[in-house]
Amino acid sequence: MYKELPKEPVVDILYRSTLIDLVRQSSAKRVAEVGVYAGFTAQAVLDACGDQISEYYLVDAWRLFKACELSPPIGVQRQWQANFDGVAVECCQRMLPYSAARIIRLWSVEAATLFELETLDLVFIDGDHTFGAVTSDIKAWLPTVRRGGLITGHDYGIVCEDANVKGAVDAFFAADEIQILPGSVWVVKKK
Ligand SMILES: C[S@@+](CC[C@H](N)C(=O)[O-])C[C@H]1O[C@@H](n2cnc3c(N)ncnc32)[C@H](O)[C@@H]1O
């Protein structure tokens, strides 16, 4: 028997309802979430739209990434990595009841190359929030989205030293292509 999974810490989950609405309204069947952490959002989407989704790809490297590369002592880095490994296991356990779940433990840009062009209905980007990483994620994942499908992401409004989603999204797409939805979600319909 599996031990009970940890409860989610208190977070603002408005973006999840927005993502669920987007999945529903677009009738998306093949969905990818890029940056999943413990799989709480995946679980919420699959609980709400499980009847509609045929494949839900959960993409995460579960490795130290740029935003947390503070060069701490090696022992601390090992502890952080051990924590990430634990989160990866937790995510896999959380996804056990969902037959549509497909877990891909790779860096985002590498994972995108596994997909045929224009075969996904919706891609939700929520990985490394730095300007460069969001730009790379959009470049890597946009070709996997079908025409008329949605590329979307979280934390549009967060701009700080380690995050500039807005800057990356605004630089990549024309202003009239970008829609901002509740929960700091950005979305673009692929032409
Ligand atoms: C903000 S959390 C994701 C939260 C999740 N979408 C949710 O709603 O619960 C960011 C995650 O992105 C992952 N990540 C960051 N950069 C990545 C990259 N370049 N490739 C793959 N995963 C990455 C991290 O390991 C982390 O688990």
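See the structure above.
Parameters and conventions
Residues numbered from 1 in each chain as written. Predicted model: local features only at pLDDT ≥ 70, side-chain atom pairs only at ≥ 80, totals over all residues. Core = buried A, V, L, I, M, F, W, Y, C linked by C-beta atoms within 7 Å. Buried ≥ 20, exposed ≤ 12 C-beta atoms within 10 Å, placed from the backbone. Helix = DSSP H or I, 4+ residues; strand = E, 2+ residues; numbered from the N terminus. Contact = placed C-beta atoms within 7 Å. Expected span 1.5 Å × (residues − 1). Arc of directions from axis to C-beta. Pairing = 2+ DSSP bridges. Axes fitted to C-alpha atoms, helices over the stretch in contact; angles between N-to-C directions. Right-handed = clockwise from strand over helix to strand, strands pointing away. Parallel < 35°, antiparallel > 145°, perpendicular 65-115°, else oblique. Left-handed = near helix turned anticlockwise from the far one by under 90°. Nonpolar A, V, L, I, M, F, W, Y, C, P; charged D, E, K, R; others polar.

Participant: What is the right way to look at the nonpolar core in this model?
Facilitator: Nonpolar side chains tend to gather and get buried jointly when the protein is soluble and globular. The biggest cluster of nonpolar side chains holds 45 residues, and the ones touching the most others in it are V23, A42, Y56, L58, L122, V123 and W141. Of all the elements, strand β4 (residues 120-125) adds the most residues to this core, at five residues. Not counting chain neighbours up to four residues away, the residues in contact with Y56 comprise V31, A42, V45, L46, A100, A101 and R102.

Participant: Looking at this structure, how should I read helix α1 (residues 14-25)?
Facilitator: Three- or four-residue spacings in an α-helix give side chains the same orientation, since the helix completes a turn every 3.6 residues. The first and last C-alpha atoms of α1 sit 17 Å apart over 12 residues, in line with the 16 Å expected at 1.5 Å per residue. Looking only at α1, the buried set comprises Y15, R16, L19, L22 and V23. The buried residues of α1 occupy an angular sector of 120° when the element is viewed end-on, so they sit on one face. At its buried positions, α1 is contacted by β1 (30-34), α2 (40-49), β4, β5 (145-153) and β9 (185-189). At the exit of α1 stands S27, carrying a positive phi of roughly 55°.

Participant: Before we go on, may I ask you to explain the sheet that holds β5 in this structure?
Facilitator: Each strand in a sheet pairs with another by means of backbone hydrogen bonds, the pair being arranged parallel or else antiparallel. Pairing is mixed across the open sheet formed by seven strands, whose spatial order is β3-β2-β1-β4-β5-β9-β8. A strand with exactly one partner marks an edge of an open sheet, and here the two such strands are β3 (101-104) and β8 (178-181). On average, adjacent strands in this sheet sit at an angle of 20° to one another, irrespective of strand direction. As judged from the five bridges shared by β1 and strand β2 (residues 55-59), these two strands associate in the parallel manner. Within β2, the position partnered with V34 by the bridge is V59. Across the sheet, α1 touches β1, β4, β5, β8 and β9, and the angle it forms with β9 is around 15°. The sheet contacts of helix α5 (residues 131-141) involve β1, β4 and β5, and relative to β4 the element is tilted by about 175°.

Participant: Explain the pairing of β4 here, please?
Facilitator: Consecutive side chains of a regular strand alternate in pointing toward one face of the sheet and then the other. Most of β4 sits inside the fold, with six of its six residues counted as buried. For β1 and β4, the ladder comprises four bridges, and the chain directions are parallel. Residue pairing for β4: V34 is matched across the bridge by I125. Where β4 lies against β5, five bridges are found, and the strand directions are parallel. Within β5, the residue paired with I125 across the bridge is G153. Taking the sense of rotation as the criterion, the β-α-β connection linking β4, α5 and β5 turns out right-handed.

Participant: Explain unusual backbone geometry here, please?
Facilitator: Negative phi values dominate among residues other than glycine, just as trans dominates among peptide bonds. We note that W62 has phi near 45°; this positive angle belongs to a residue other than glycine. With respect to the helices, strands and loops of the structure, W62 is situated in the loop between β2 and α3 (74-95). For D155, which is not a glycine, the phi torsion comes out positive at approximately 65°. Residue position: D155 is located in the loop between β5 and β6 (159-160). On the neighbour-count criterion, D155 (19 C-beta atoms within 10 Å) is partly exposed.

Participant: I keep staring at α2 and nothing clicks. Help me out?
Facilitator: When we look at burial in α2, the residues that qualify are T41, A42, Q43, V45, L46 and C49. Against the buried residues of α2 lie α1, β1, β2, α3 and β3.

Participant: Explanation requested: the packing of α5 against helix α6 (residues 165-172) in the structure shown.
Facilitator: When two helices pack together, you describe them by how their axes are tilted relative to each other and by the distance separating the axes. In contact at an axis separation of 8 Å, α5 and α6 are set at 40° when each is read in the N-to-C sense. Considering their axes alone, α5 and α6 lie oblique with respect to each other. Regarding α5 and α6, the two cross each other, and that crossing is right-handed. Touching F131, V134, T135 and I138 of α5 are V165, G167, A168, V169 and F172, all from α6. When its residues are assigned to classes, the contact of α5 with α6 shows seven nonpolar, two polar and no charged.

Taken by themselves, the reported measurements are silent on function.
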